[in-house]
Amino acid sequence: MTSRQVSTQPFDDQKPGTSGLRKKVTVFEQPHYLENFVQSIFDSLQGFAGQTLVVGGDGRYHNDRAIQTILRMAAANGFGRVLVGQRGILSTPAASCVIRKNHAYGGIILSASHNPGGPDGDFGIKYNIANGGPAPEKITDAIFANTTSITRYLTLDTPDVPLDAPGTTKVGAMAVEVIDPVADYAQLQQSLFDFPAIRALLSGGRFRFCFDAMHAVTGPYAREIFERQLGAPAGTVINGDPLPDFGGGHPDPNPTYAEQLMATMFADDAPDFGAASDGDGDRNMIVGRHFIVTPSDSLAVLAANATLAPGYAGGISGVARSMPTSAAADRVAQALGIACYETPTGWKFFGNLLDAGKVTLCGEESAGTGSNHVREKDGVWAVLFWLNILARRGQSVEQIVREHWARFGRNFYSRHDYEGVDSAAANGLIADLRAALPGLPGRVLTTTSGATMTIASADDFAYTDPVDQSVSRAQGIRIGFADGARIVFRLSGTGTEGATLRVYLERFEADPARHGVETQQALAGLIEIADQLAGIRARTGRTQPTVIT
Ligand code: G1P
Ligand code: ZN
């Protein structure tokens, strides 16, 4: 069957953000919109004729239709085989796993991660390379360049491919293999963690665990792994049926949006351990009984306890964290005598470090943790890692974290998000901060309680990749204080409405006697200073952040 060439014109808004192209579903529903982007991906790649592509998504609204479009276009462009998850489902880390295991050329993942779904919600698409990780900037820049000049795309006139059951169908000359979305992924996890020890913990009747899949992609993964393979009682996984609109919820595992899990974990009869994952299964939230673990602390705890998990028993080579993530992991790396890398926000920056063997664990303050087992962050993996540690240490989540702080000190940390802010106001705020940077060091600021803080450093974070020397500039405004505290300001690259201003606040406390202070209270002075420096209230008209994590 010969491919059909369809004439098209560029859209001017197809620049990929922190993690692929994310837009409202209604934007993706415009004729040619998805096709233009997919063709621009293919046009920026070479040598894929006859090769294997992996395709899957988080099951959100529009996933099914988009997959059929992509299958026809992949065939028309000359791919030899597509591996697609049953019913079009693959969590982001499972897609990474499948790409790697099958030595695929690359993969297309359909997801808008933690953003709401449904006809009025968000949709997204991103391209992953052969290592299983998000395409680096070199490729996303080329894709974007193609979207600005595209004149045609290639497709076939073929019927929809049935995706309901495993099996193989032909689309033109290309084979479409429908695969079990969970099997390869579950097998990989078994090779990393002490399943017998976790099974003893979960099926012993004393330890209680609640996993909130938030009606998103991890439901089937969590039921198979936690309930079937590890013997947790049925019902351990809540909201386990994936829904195209996530049940109307916001599938972002944080204390604001994971309401049901929070209510469960803070009830009088709370379970011992709670966790949640996001829309596409790459984020994780870890909660103990009446105790939230910040993602930055979670990364540090995993690094400090890594050798308890069989897959990491030989030790970890290094740790990487995104720049706004707290330095808690740095302290562990220092104690272990291993390297710690600071990268820009977004998982694509970890790929080279992982491929080069420079790091084993990576994490972001935005509930993303992962390792060299795949090239994406991995929600269920992080939960299994915690279960492995809990099973081996026999302590509560809170005890483990408090002991960690006592040993390494505590990095008080919080992120304040101002969502849906007027774009001009947000851009102006960042531009003015950037312009003010040279004059900031040495400036002394005073809080209403009379405390003073001196700025020691101020810059716009630029990163040189230690492996390929590529440079990424303008990755966030960093203000460092004489006592080691810091504030970071940056704009989100994943939102679809207006701008989201993120303000990251961090202060180190060595003294265990002061580790019990409530986080927002511990950071109160810094919160005031952030407003003094950036004029957040005056410029955005907001008196409170939309979300505090
Ligand atoms: C956000 C997070 C970032 C994460 C990304 C994709 O990006 O901050 O850490 O990698 O989502 O999950 P942002 O919206 O800040 O650009
Ligand atoms: Zn996600």
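Placed above this text is the structure.
Note on numbering: residues in each chain are counted from 1, in written sequence order. Written order determines the labels here, with chains lettered from A and ligands numbered from 1. Predicted model: local features are reported for residues with pLDDT of at least 70 only, side-chain atom pairs are reported and counted for 80 or more only, and whole-chain, interface and lining totals are derived from all residues. The basis for every side-chain value is the complete set of heavy atoms in the structure, and neither hydrogens nor water enter the calculation.

1. A short note on the overall build of the chain
Moving on, step 1. Looking only at helices and strands, the chain has 18 helices and 27 strands in total.
Moving on, step 2. On the principal axes, the C-alpha backbone points of the chain span a range of 75 × 60 × 40 Å.
Moving on, step 3. Per-residue accessibility takes into account occlusion by the displayed protein chains alone, with areas from the Shrake-Rupley method and a 1.4 Å probe. About 20200 Å² of surface is accessible on the chain, with carbon and sulfur atoms providing 48% of the total.
Moving on, step 4. Neither His nor the chain termini are counted; the positive set is Lys and Arg, and the negative set is Asp and Glu. Here the site of a charge means atom NZ of a Lys, CZ of an Arg, CG of an Asp or CD of a Glu. Once the 47 positive and 57 negative side-chain charges of the chain are each reduced to a mean point, those two points are 4 Å apart. Where helices and strands are cited, they refer to DSSP runs of H or I of at least four residues and of E of at least two residues respectively, numbered from the N terminus.

2. So, the sheet that holds strand S27 (residues 547-548)
Moving on, step 1. Read from one edge of the open sheet, seven strands run S20-S21-S24-S25-S26-S19-S27, paired in antiparallel fashion. Edge positions in the sheet fall to strand S20 (444-446) and S27, since each of these pairs with one other strand and no more. One requirement defines pairing of two strands: DSSP has to find at least two bridges between them.

3. Quick notes on the packing of aromatic side chains
For any pair of aromatic rings, the description rests on two quantities: the centre-to-centre distance and the angle between the ring planes.
Moving on, step 1. A pair of aromatic rings is counted whenever rings of Phe, Tyr or Trp (Trp by its six-membered ring) have centres within 6.5 Å, and the orientation is called stacked for planes under 30 degrees apart, edge-to-face for over 60 and tilted otherwise. In total, this model carries 22 aromatic pairs according to the counting rule given.
Moving on, step 2. Judged by centre distance (6.4 Å) and plane angle (80 degrees), the ring pair of Tyr 312 and Trp 381 falls under edge-to-face. On the criterion of sequence distance, the pair formed by Tyr 312 in the loop between helix H10 (295-305) and strand S15 (318-322) and Trp 381 in helix H13 (residues 379-393) is long-range, its members being 69 residues apart.
Moving on, step 3. Residue burial is assigned from relative accessible area. The probe radius is 1.4 Å, only protein chains are included, and a residue is buried under 20% of its type maximum, exposed over 50%, and partly exposed in between. Overall, the relative accessible area of 3% leaves Tyr 312 in the buried class.
Moving on, step 4. Three or more aromatic residues link up through ring pairs in this structure, and these residues are Phe 11, Phe 28, Tyr 33 and Phe 123.
Moving on, step 5. Remark: a charge is flagged as sitting over a ring if the NZ atom of Lys or the CZ atom of Arg is within 6 Å of the ring centre and within 35 degrees of the ring normal. One Lys or Arg, Arg 331, reaches over the ring of Phe 508 and ends 3.4 Å from the middle of that ring.
Moving on, step 6. The ring of Trp 405 carries the charged tip of Arg 410 above its face, separated from the ring centre by 3.8 Å.

4. Looking at the site of ligand 1
Moving on, step 1. Think of it this way: one heavy atom of a residue within 4 Å of a molecule or strand is enough to make that residue near it. Around ligand 1, a shell composed of 14 residues is seen, among which Thr 18, Ser 366, Ser 492, Gly 493 and Thr 494 lie nearest.
Moving on, step 2. Counting of polar contacts relies on pairs of N or O atoms within 3.5 Å, with two restrictions inside protein: one atom must be capable of donating a hydrogen and the other of accepting it, and residues adjacent in sequence are counted only when both atoms are side-chain atoms. A distance of 3.0 Å is found between an oxygen atom of ligand 1 and a side-chain nitrogen or oxygen belonging to Arg 283.
Moving on, step 3. Between an oxygen atom of ligand 1 and a side-chain N or O atom of Ser 366, the distance comes to 2.6 Å.
Moving on, step 4. In isolation ligand 1 offers 380 Å² of accessible surface; the protein chains occlude 99% of this area.
Moving on, step 5. Partitioning the shell around ligand 1 into residue classes produces no nonpolar, seven polar and seven charged. Note that Gly is not counted as nonpolar here; it falls among the polar residues with everything else outside the nonpolar set of Ala, Val, Leu, Ile, Met, Phe, Trp, Tyr, Cys and Pro and the charged set of Asp, Glu, Lys and Arg.

5. Overview of the sheet that holds strand S18 (residues 368-371)
Two pairing modes exist for strands in a sheet, parallel and antiparallel, and in both the strands are linked by backbone hydrogen bonds.
Moving on, step 1. Across the sheet, which stays open at both edges, the four strands sit in the order S16-S15-S17-S18 with mixed pairing between neighbours. Unpaired on one side and paired on the other, strand S16 (339-343) and S18 mark the two borders of the sheet. When strand polarity is set aside, the average angle formed by the axes of neighbouring strands in this sheet is 15 degrees.
Moving on, step 2. With three bridges connecting them, S15 and strand S17 (residues 361-364) associate as parallel partners. Axis definition: a line fitted to C-alpha atoms, over the contacting stretch in the case of helices. Angles run 0 to 180 degrees between N-to-C directions.

6. Some thoughts on the packing of helix H7 (residues 195-203) against helix H8 (residues 218-229)
For any two helices packed against each other, the geometry is given by the interaxial angle and the distance between the axes.
Moving on, step 1. It is the contact of H7 with H8, at a shortest axis distance of 9 Å, that shows an interaxial angle of 75 degrees. Relative to H8, the element H7 is oriented roughly perpendicular. The segment H7 lies against H8, with Phe 195, Arg 199 and Leu 202 engaging Ile 225, Phe 226, Arg 228 and Gln 229.
Moving on, step 2. Of the residues assigned to the contact of H7 with H8, the class counts are four nonpolar, one polar and two charged. For classification purposes, an angle smaller than 35 degrees is called roughly parallel, one larger than 145 roughly antiparallel, one from 65 to 115 roughly perpendicular, and anything else oblique. Note on definitions: a residue-residue contact is assigned when non-hydrogen atoms from the two residues lie within 4.5 Å.

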